[in-house]
Each structure stands twice: as structure tokens, then as C-alpha cells.
Amino acid sequence: MAGRPALWLGLLLLLSLGGSSAPASLLRRLREHIQRFQESSGLSLTLGPGAGALPKQGWLGQPLDPFNTSDRRSFLQRYWVNDQHWASQRGPVFLHLGGESRLGAGSVMRGHPAALAPAWGALVIGLEHRFYGLSIPAGGLDVAQLGFLSSRHALADVASARLALARLFNVSTSSPWICFGGSYAGSLAAWARLKFPHLIFASVASSAPVRAVLDFSEYNEVVSRSLRSTAVGGSPECLAAASAAFAEVERRLRAGRGARAALRAELGACSSLGRTEDQAELLGALQALVGGVVQYDAQAGVPLSVQRLCGLLLEGRSNGSRSAPYHGLRRAVQVVMHSLGQRCLSFSRAETVAQLKVTDPHLSSVGDRQWLYQTCTEFGFYVTCEDPRCPFSQLPALPSQLELCEQVFGLSTSSIAQAVAQTNSYYGGQTPGATQVLFTNGDTDPWHVLSVTQASGPSESALLIPGASHCMDMAPKRPSDSRSLRLGRQSIFQQLQTWLGPAKESQESRVSRGG
């Protein structure tokens, strides 16, 4: 479901989610920006002395089609290894799963699960998702090739990698393997335990949207609630100002060619705004900007927190100007665009479609085409604001978002709805029934409504952290972390203790018997 020197959230953003029009494209740029920042400047803070502390990069040969043994085609899947804290070959293995973007060395060096490894003497391995980063099969990204991209294929890779890596590193057969992941990768972590309990001992699934949904209107319901919440720096006045800002944008879009030209210049729209579809691209990008502030609130290096966004929206309200909230939104756009080093907030619909049709992986940006394909064929996740109570624009509407699947891949609306239903049927939606899975979420994160937030029994645990945003529990610790976040991380540690304590005792018992 990123910014270099402006460091947005950090590697935990292996995960922005959302479809791949202007809204999701903005979130994905934020994610990629931060991920690179964390890897370029943050690793030096965690590396031990000597070259041996550097994470190791490796490659596994994986079948392109794991469900057809007669298909001999294969691809190379990248993985990272941090063995700094690995105490023995009988120690646990923490397997950090990648999601819908590249997976770098930071995945095994900072934040969870790396921060937990010393206490358990664990080997930490990061596994990049097929078709993302450098794990892209030969043959490009045409529709036929993308037929081998799905969560089911990714899970088959996890099972295969789990067996191959155990052999490669001579891991004891009694060593417990625990999966970690955030956002979509968090869902994969939970599903890996669900589908392969004989291979995966337990999983920690952070901000995992395990329920697929076509019309994700609930996203903006949480955004609205957070903008109104004083606990994270919002207020009822802030929400009203956000609504007024969007109303002013729409008024100016209707006011004629001159007003639209001024709007285009002020908000960084790199296309004419004469067409409704291009106006929807801009409005969607603005919603993504506000939603992104909430989704990643209070994380390291975020260009704007909820508190600061509200401050901008409420500046100048004392003079009673109708356009004051709009000018605050304009300043918020400038802050984020400057952090990203981008000139454009949105492009024309035609340009968006053309970019998504590019099948050369070297030219297709940061995985936009691949992730759009997964939303069209598995998950949906299309954020809308068509409910009259939604404070933002009703554009882009659901039909225009679904139309992208037809324009780019030739997929019908009915096929998308059917795919979403099949995903929930296959994995169980918000009642997956997996044992030894801990679902962690923050109640500020709009994606928590698609995850598991209440324990369904002693073996499927859930942790909802007040005031925390998307995958915040996976981030490196900071002195400014809230008390609820610190307590949440303690709960994760205690859950690992509950799982690993008996496993260690059983292992030691076998060793003492000479097993």
C-alpha cells in the first residue's frame, strides 16, 4: 500500500499499496525515495566493525512457473543475508519478505526483524519479490509474462527459498523460521504460515491488508478521522479546512480556462486540465498527498505530519478568506514536491496510460505496471471518495480506476470483481485461520481496516497500536517514539518469546539426548 535527504519513512515502506494512477504513483515515489535514503545513509549506523558486517547479496534459481513442472524456464531471485548475530546453526531464522518494490540491504540491517536478531541469535534473510527490483524474469513485462506474477507465485517462491536457503547455510532442521513483512508483504508473511505451516514456524504481519476489496472507500474514512483527531495533531477545524481546500480546487476547475491554467501552475499539474479525466488525475494526486500524510504520520523524515499539514491548512483563517485552506494545500504540495525533487504532481490520463503500457522493465519506473496488474488480478484496493460524507473530491470515481485495467491489460470490470472475491475465498480475508501469526497495526493507518485487529484465538494474535501509522512498528527505534509504540514493540518481543521459548527448550532437549 519516499524522499532522499528528506527521508520519508524508511525501508518499512517496502510497501505503499494502492493502484497505479496518479495517487498510487505519488505514494510509490515517496516509498522508493525513503528506501534509498535509509540504505545510503542509515546502514553505516548499524554496521559493525570490519567488512564482515556488510550484508551479503545472493541469488536463487527459481522456476518461472512453480505450478507446471514441465515448464523448465527459471529466473534469478535476489536475497540478502545478515549473519552478524547468528549464534549457531540451530538458531532461528528471521525471513523478511519483500513486497511490491525492490528490496535492498537495509531489509536485513535496520528495524524489524534485524533489531530482534541479537536477542535470539538469529540469522536474518531478506527475499525480494518476483518481478520487482532485480528479481525480474527475462522476457519483459507483457501481459503473458505477468501471468506469472501473483501472491500465489510469490508464496511458492517463499517455500522454495526456505528449503534452498536452509541447505545453502546448513541450517538445522530443528531451527524455527519466522516470516516478517509489512503491508502487502505482511499479508504474504501471514499467508506463508497459513499455507506452509510445516516450513514456516510463525509470522509477524505488520499493517497487512489481508482482505481484498474492490472499492476501498474506508481508506478516506480513516484519513478523515485522523485529520479530526487531536491525538495525532488534527482537529475538527483541520478536517473542515481540508474539505474547503478541495472544494476550492473544484470551483477553480469549473471557473474557466484561465483559472485552470493558474491552478495547473500552482499545483504542479503537468498537463492541461480541460478534460475531466485529467482533472481527476490531479484531484486523485491531491487526495494521495493528504492520505500519505496520514498513512505515514510521525515517521522518520516525513515531509509533512498531520500536525504540520493542519497548521498549513489553518494558516490565515483569521481573515476569513475562503481561499486560505486552498493556499495551505498549495504549500503542502510544494513541500512534498520539493522533498521528492519532482516538478509534477500529476500527468494527463493519456500519459499515465502510456507509461503503464511500457513493458521494458528498465523503463517502467519503480514497479507501477506490475503492482497495477496485481491490483487488477487479485486485490482491487481502489481508494474512492464517492460517499457524500467524504470530505475530498468524488473524483477519481471507481469506474475510471477500473478502466485502467482495461486500458492497460484488457481486463474487464467483472473479471476484477471476480478476482477480488477469489482472493478472499483462497486466503480467508480477515479470518484467515492461521496459527502462530501476530498481526500488528496502527490505528492511524488507513490500511488497518483491511487487516486483523482483534485476536481470533490464542494462536492468532492481534496488536493495534494507538497513534501509530503504516508499518511503524517495523521502523528503527527513535527517541521520539511514542509510549504506545514502545509498548507495541515490547509486545512483539514478548510474542516471539512465547513462540521461541518452547521451541528452544525442545531443541535443547533433543541435543541433550544426542538427537
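Refer to the structure presented above.
Overview of the structure. (Residues numbered from 1 in each chain as written. Predicted model: local features only at pLDDT ≥ 70, side-chain atom pairs only at ≥ 80, totals over all residues. Heavy atoms only, no water.)

Comments concerning the overall build of the chain
Within the chain one finds 16 helices and 10 strands. Counting all 515 residues of the chain, 59% fall into the buried class. Accessible surface, the chain as shown: approximately 19,500 Å² in total, 52% of it carbon and sulfur. (Helix = DSSP H or I, 4+ residues; strand = E, 2+ residues; numbered from the N terminus. Buried < 20%, exposed > 50% of the residue type's maximum accessible area, 1.4 Å probe, protein only. Areas by Shrake-Rupley, 256 points an atom, 1.4 Å probe, with all protein chains shown as cover.)

Structural notes on the environment of L141
Its place among the elements puts L141 in the loop between β4 (123–127) and α3 (143–146). A C-alpha to C-alpha distance of 7.7 Å links L141 and Q370, two positions 229 residues apart in sequence.

Quick word on the nonpolar core
Grouped together as the largest cluster of nonpolar side chains are 113 residues, with contacts concentrated most on I125, L227, V249, L286, V290, L345 and F392. It is helix α9 (residues 276–295) that provides the largest number of residues to this core, a total of nine residues. Sequence-distant contacts of L286, defined by excluding residues within four places in its chain, comprise F246, V249, L267, L329, V333 and L345. Judged by nonpolar contacts, the second largest core, of 24 residues, contains A105, V124, V204 and A468. (Core = buried A, V, L, I, M, F, W, Y, C linked by side-chain atoms within 4.5 Å. Contact = heavy atoms within 4.5 Å.)

What about unusual backbone geometry?
A negative phi angle characterises most non-glycine residues, just as the trans form characterises most peptide bonds. Between H112 and P113 the backbone carries a cis peptide bond, its omega angle lying at 5°. The omega torsion of the bond from L395 to P396 falls at 0°, within 30 degrees of zero and hence cis. Relative to the elements of secondary structure, P396 occurs in the loop between β8 (380–382) and α14 (398–409). With a phi angle near 55°, N170 is a residue other than glycine that sits in the positive phi range. Its location among the elements puts N170 in the loop between α4 (151–168) and β5 (177–182). Located in the positive-phi region is C471, a residue other than glycine, with phi close to 55°. By secondary structure assignment, the location of C471 is in the loop between β10 (460–465) and α16 (483–512). What makes C471 buried here is its relative accessible area of 0%.

A closer look at the packing of aromatic side chains
Within this structure, the stated rule accounts for 16 aromatic pairs. Centre to centre, the rings of Y184 and W371 are 5.2 Å apart; their planes meet at 45°, and the pair counts as tilted. Here W371 lies in helix α13 (residues 368–379) and Y184 lies in helix α5 (residues 184–195), a separation of 187 residues in the sequence. Residue Y184 is classed as buried on the basis of its relative accessible area of 1%. With a centroid separation of 4.9 Å and an interplanar angle of 50°, the aromatic rings of F216 and W447 are classed as tilted. Here the residue F216 occupies a position in the loop between β7 (213–215) and α6 (218–228), and W447 occupies one in the loop between β9 (437–442) and β10, the gap between them amounting to 231 residues. W447 matches F216 in its accessibility class, with the two residues each being buried. Pairwise contacts between aromatic rings join Y184, W191, F216, Y219, W371, F379, F381, Y426, Y427 and W447 into one cluster. Above the ring of Y426, the side-chain terminus of R152 is found at 3.7 Å from the ring centroid. Taking NZ or CZ as reference, K195 lies 3.9 Å from the ring centre of Y426, over its face. (Phe/Tyr/Trp six-rings, centres within 6.5 Å; stacked < 30°, edge-to-face > 60°. Lys NZ or Arg CZ within 6 Å of the ring centre and 35° of its normal.)

Function-wise, these values are silent; they only describe arrangement.
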